[in-house]
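Structure at a glance
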Amino acid sequence: MKNIDIDLRLLELFCCVYEKQSVSKSSECLHLSQSTISFHIHQLERQIGLKLFYKKGKRLIPTSTAQMLYPYAKKILELKLATIEEIKLLSGSYRGLIKLGSSSVPGSYILPEIISNFLSKNPQTTLEFYISDSKDVLEKIREGKLDLGVVGARAGFYELKYEALWKDQICIVGGVGLSKRLSMEDLRKLPWIIREEGSGTRRLLEEALSKYGLSFKDLNVLMITDKNEVIVDVLRKTKAVSFLSSLALRKYKDIKRLDIEGFEPIEREFYLVYDENRSLMPAVRYFMEEMRKYSFVQSLS
């Protein structure tokens, strides 16, 4: 069997073509001509002795060899980048980049303070901060588009690493004119403002309601939104029911927490989430340590 060697530059090009499934689209992001890209793909195929793509219309379809090679190539390139970052760190020329995603509650009420403290001590680091629902954040971590995430529910994606950081409680809250104490039957009749599908907070409330034989289909849903601020604004003017994090209630002191007869408190943890199979850059590791410290010095329950 012949000796096989693989050029790292060809792996970088291969990963782009694999993801774009098009030479023309790869040409745009690699800033190379289509003929140059085709030449290098053929060169890689000659190095390994196997076909990587076949054409179907304008698309390049990966072969089983390409599908096997891609995750290994990504890991090799991530390790190369991590090595370069470590060298920069030693040479004093390091400028870190952190891509952080968060669900709405930790993104609005916990992380801004941690981020500002971290960046004040590490001004050479750039942090990209993205807020969405838990499911979307976890998907982007799995795809490698985010380094880290902070979410309030696992929502699947069990191949990722989940590290519990902070505790929270989900509270049922009421708008103007509502009695502070309600029955389960009241919950069926009153209009509800609920979070969007994919929200970790919504998912946990759904699980809690199911214990009492209720689902959102049984409720009088008035409005669905992806913003806690919208929920609060509507509650201030409407005789309705919703649910908020106890952290949000610290900020919105005019929104009252309701006592539901026979309804047990809904407690949860916020998780630091990452892919432990990926090489994490120095700045990412430092930021993770900052979050871990914060969990010990301040109780959020």
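Criteria and thresholds
Residues numbered from 1 in each chain as written. Predicted model: local features only at pLDDT ≥ 70, side-chain atom pairs only at ≥ 80, totals over all residues. Heavy atoms only, no water. Helix = DSSP H or I, 4+ residues; strand = E, 2+ residues; numbered from the N terminus. Phe/Tyr/Trp six-rings, centres within 6.5 Å; stacked < 30°, edge-to-face > 60°. Buried < 20%, exposed > 50% of the residue type's maximum accessible area, 1.4 Å probe, protein only. Salt bridge = Lys/Arg side-chain N within 4 Å of Asp/Glu carboxyl O. pLDDT = per-residue confidence, 0-100. Contact = heavy atoms within 4.5 Å. Axes fitted to C-alpha atoms, helices over the stretch in contact; angles between N-to-C directions. Parallel < 35°, antiparallel > 145°, perpendicular 65-115°, else oblique. Left-handed = near helix turned anticlockwise from the far one by under 90°. Nonpolar A, V, L, I, M, F, W, Y, C, P; charged D, E, K, R; others polar. Arc of directions from axis to C-beta. Patch = residues over 30% accessible without salt bridge, like charges linked within 9 Å, V, L, I, M, F, W, Y side chains within 5 Å. Areas by Shrake-Rupley, 256 points an atom, 1.4 Å probe, with all protein chains shown as cover. Lys, Arg positive; Asp, Glu negative; His and termini not counted. Charge placed at Lys NZ, Arg CZ, Asp CG, Glu CD. Pairing = 2+ DSSP bridges.

Let's talk about unusual backbone geometry
Positive phi, close to 55°, is recorded for Q21, a residue that is not glycine. Summarising the element assignment, Q21 is placed in the loop between α1 (8-20) and α2 (23-30).

Considering the packing of aromatic side chains
Summed over all chains, the structure comprises eight aromatic pairs. Ring geometry for F216 against F243: centres 6.3 Å apart, planes inclined by 15°, an arrangement best described as stacked. One end of the pair, F216, is in the loop between α9 (200-210) and β9 (220-225); the other, F243, is in strand β10 (residues 241-245), and 27 residues separate them in sequence. Accessibility expressed as a relative area gives 9% for F216, which makes it buried. In this structure an aromatic cluster arises from ring pairing among F14, Y18, F53 and Y70.

Concerning the pattern of salt bridges
This structure, assessed with the given rule, holds 20 salt bridges. Close ionic contact of R142 with E159 constitutes a salt bridge, the shortest N to O distance being 3.4 Å. Taken together, the residues R142 in helix α7 (residues 134-142) and E159 in the loop between β5 (148-151) and β6 (161-174) connect sequence positions 17 residues apart. A residue is classified by how much of its surface remains accessible, and R142, at 42% relative accessible area, is partly exposed. Here the salt bridges do not stand alone but share partners, grouping E78, D147 and R278 into one network.

Section: the confidence of the model for the chain
Overall, the prediction assigns the chain a mean pLDDT of 86, with 95% of residues at 70 or greater. Confidence drops under pLDDT 50 across residues 296-301; counting only partners more than four residues distant or on other chains, this segment forms ten contacts.

Some remarks on the packing of α1 against helix α3 (residues 34-48)
Where α1 contacts α3, the axes come no closer than 10 Å and their chain directions differ by 115°. Here α3 runs roughly perpendicular to α1, going by the angle between their axes. Here the hand of the crossing between α1 and α3 comes out left-handed. Listed contacts from α3 to L10, L13, F14 and V17 of α1 are I37, H40, I41, Q43, L44 and Q47. Across the contact of α1 with α3, the residue classes break down as seven nonpolar, three polar and no charged.

A word on α2
Of all the positions in α2, only V23, S26 and S27 are classed as buried. Each buried residue of α2 lies within a common arc of 110° when the element is viewed along its axis, so the set occupies one face. The elements touched by buried residues of α2 are α1, α3 and β2 (59-62). Note on α2: the residue one or two positions beyond its end, H31, has a positive phi of about 60°.

Notes on a positive patch on the surface
On the surface, a cluster of positive charge is made up of K20, K25, K56 and R59. Tracing the sequence through the fold places K56 in strand β1 (residues 53-56).

A few points about the pairing of β2
With four bridges joining them, β1 and β2 adopt antiparallel strand pairing. Of the residues in β2, the one forming a bridge with K55 is L60. Connecting the antiparallel pair β1 and β2 is a turn made up of two residues, with G57 showing a positive phi of about 70°.

Describing the side chain of N228
Looking at the element boundaries, N228 is found in helix α10 (residues 228-235). Sequence-distant contacts of N228, defined by excluding residues within four places in its chain, comprise S104, V105, Y109, R195 and L244.

Remarks on the packing of α1 against α2
At a minimum axis distance of 8 Å, the contact between α1 and α2 shows a crossing angle of 130°. The angle between α1 and α2 falls in the class oblique. Our pair here, α1 against α2, has a crossing hand that is right-handed. Seen from α1, the contacting residues are L13, C16, V17 and K20; seen from α2, they are K25, S26, C29 and L30. Here the residues of the contact of α1 with α2 sort into five nonpolar, one polar and two charged.

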